[in-house]
Amino acid sequence: LNSNEKTYRRFLFYKHFFAISKPTIVFEGKTDTVYIRGAIRRLAVDYPKLVDLNGESGPNIRVGFFRRTTTTDRILKISGGTHPLKTLIQDFIAERKQLHIATQAQPLIIMIDNDDGSKIIYSYLKEIMKTQIDPKLPYFLVHDGLYVIPTPLTTDNQHTKIEDFFEESVLKTELNGKTFNPKNEGIDKKTEYGKSHFASHVIKSNEKTIDFSGFKPILDRL
């Protein structure tokens, strides 16, 4: 980044992560926002802290979602995956000191899949928090105002990713004869479709009929 971009980066960092009007969630991938927003809307009655059902123009979600763009990907270096989220934690702590912010008005929440990729985050949390990291815990208060929330492990403590909280019938939805592959790489485009199509053409298009009850353990943590 040149000097102007570095200044712009600090402005964007302050705008998106410090000067926030409500709790804001940052996800590993763009599609996660579609899942959680849908779950919150469908389960609104059970989560009054997450949704104001009496908003002026209808139900109002009380949490914000960081929206990635090509600009934020480049300037803030927050692209998909866990490595950029580790960098976000590092930068949050560093910028907090530089900007002399006394108290974080609203929490910044980083949500991660509780799988092999989370080891990068857990290793760093162990280093800066000076304690053992238990992946079964519902959340970690990393720094004043900064939280990390992992997806809940299975009942037998197996890894999870956010797509695991959909019903099996939803995950098996076919699009033009193709089946869903939740992996980020190695998708056979002739027979499979990825997360982007799953989020837009399966979840978003059918939000009003999908059973989101499997997401309650995640919303409980939020």
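Here, every reference points to the structure presented above.
Bear in mind the structure is a predicted one, so any value in this text is a computation, not a measurement. (Residues numbered from 1 in each chain as written. Predicted model: local features only at pLDDT ≥ 70, side-chain atom pairs only at ≥ 80, totals over all residues. Heavy atoms only, no water.)

Participant: Kindly report on the nonpolar core, identifying the contributing residues and their values.
Facilitator: Tyr 35, Ile 36, Ile 40, Phe 166, Phe 198, Ile 203 and Phe 215 are the most contacted members of the largest nonpolar core, which totals 35 residues. Those elements that place two or more of their residues in this core are strand S1 (24–27), helix H2 (31–42), strand S5 (108–112), helix H6 (168–171), helix H7 (195–204) and helix H8 (216–221). At five residues, the largest contribution of residues to this core is made by H2. In terms of nonpolar packing, the next biggest core, distinct from the first, is built from 26 residues, Leu 88, Leu 125, Val 142 and Val 148 among them. (Core = buried A, V, L, I, M, F, W, Y, C linked by side-chain atoms within 4.5 Å. Buried < 20%, exposed > 50% of the residue type's maximum accessible area, 1.4 Å probe, protein only. Helix = DSSP H or I, 4+ residues; strand = E, 2+ residues; numbered from the N terminus.)

Participant: Got a sec to walk through the sheet that holds strand S7 (residues 146–150)? Specific residues and values, please.
Facilitator: The strand order across the open sheet built from five strands is S4-S1-S5-S7-S6, with neighbouring strands paired in mixed fashion. The open sheet terminates on both sides in strands that have one partner only, identified here as strand S4 (64–65) and strand S6 (140–143). Strands S5, S6 and S7 of the sheet are contacted by helix H5 (residues 118–129), whose axis makes an angle of about 60 degrees with S6. (Pairing = 2+ DSSP bridges. Contact = heavy atoms within 4.5 Å. Axes fitted to C-alpha atoms, helices over the stretch in contact; angles between N-to-C directions.)

Participant: If you had to explain the packing of helix H4 (residues 82–99) against H5 to someone new, which residues and values would you point to?
Facilitator: Two numbers describe a pair of packed helices, the interaxial angle and the distance between the axes. Viewed as axis vectors pointing N to C, H4 and H5 meet at an angle of 25 degrees, and their least axial separation amounts to 8 Å. Here H4 lies roughly parallel to H5, going by the angle between them. You can see that H4 and H5 cross each other, and the crossing is right-handed. Together, Thr 82, His 83, Leu 85, Lys 86, Ile 89, Gln 90 and Ile 93 of H4 and Ser 118, Ile 120, Ile 121, Tyr 124, Leu 125 and Ile 128 of H5 make up the contact between the two elements. (Parallel < 35°, antiparallel > 145°, perpendicular 65-115°, else oblique. Left-handed = near helix turned anticlockwise from the far one by under 90°.)

Participant: I'd like a rundown of the packing of helix H1 (residues 3–18) against H4, residues and numbers included.
Facilitator: Where H1 contacts H4, the axes come no closer than 11 Å and their chain directions differ by 100 degrees. Between H1 and H4, the interaxial angle falls into the category roughly perpendicular. The residues of H4 that touch H1, namely those facing Arg 9, Arg 10, Phe 13, Tyr 14, Phe 17 and Phe 18, are Leu 88, Asp 91, Phe 92, Glu 95, Arg 96, Gln 98 and Leu 99. Of the residues in the contact of H1 with H4, the class split is seven nonpolar, one polar and five charged. (Nonpolar A, V, L, I, M, F, W, Y, C, P; charged D, E, K, R; others polar.)

Participant: Quick one: what's the story with the pairing of S5, residue by residue and with numbers?
Facilitator: Most of S5 sits out of view: five of its five residues are buried. The pairing of S1 with S5 spans four bridges and is parallel. Within S5, the residue paired with Thr 24 across the bridge is Leu 108. Looking at chain direction, S5 and S7 are connected through five bridges and run parallel. Of the residues in S7, the one forming a bridge with Ile 109 is Tyr 147.

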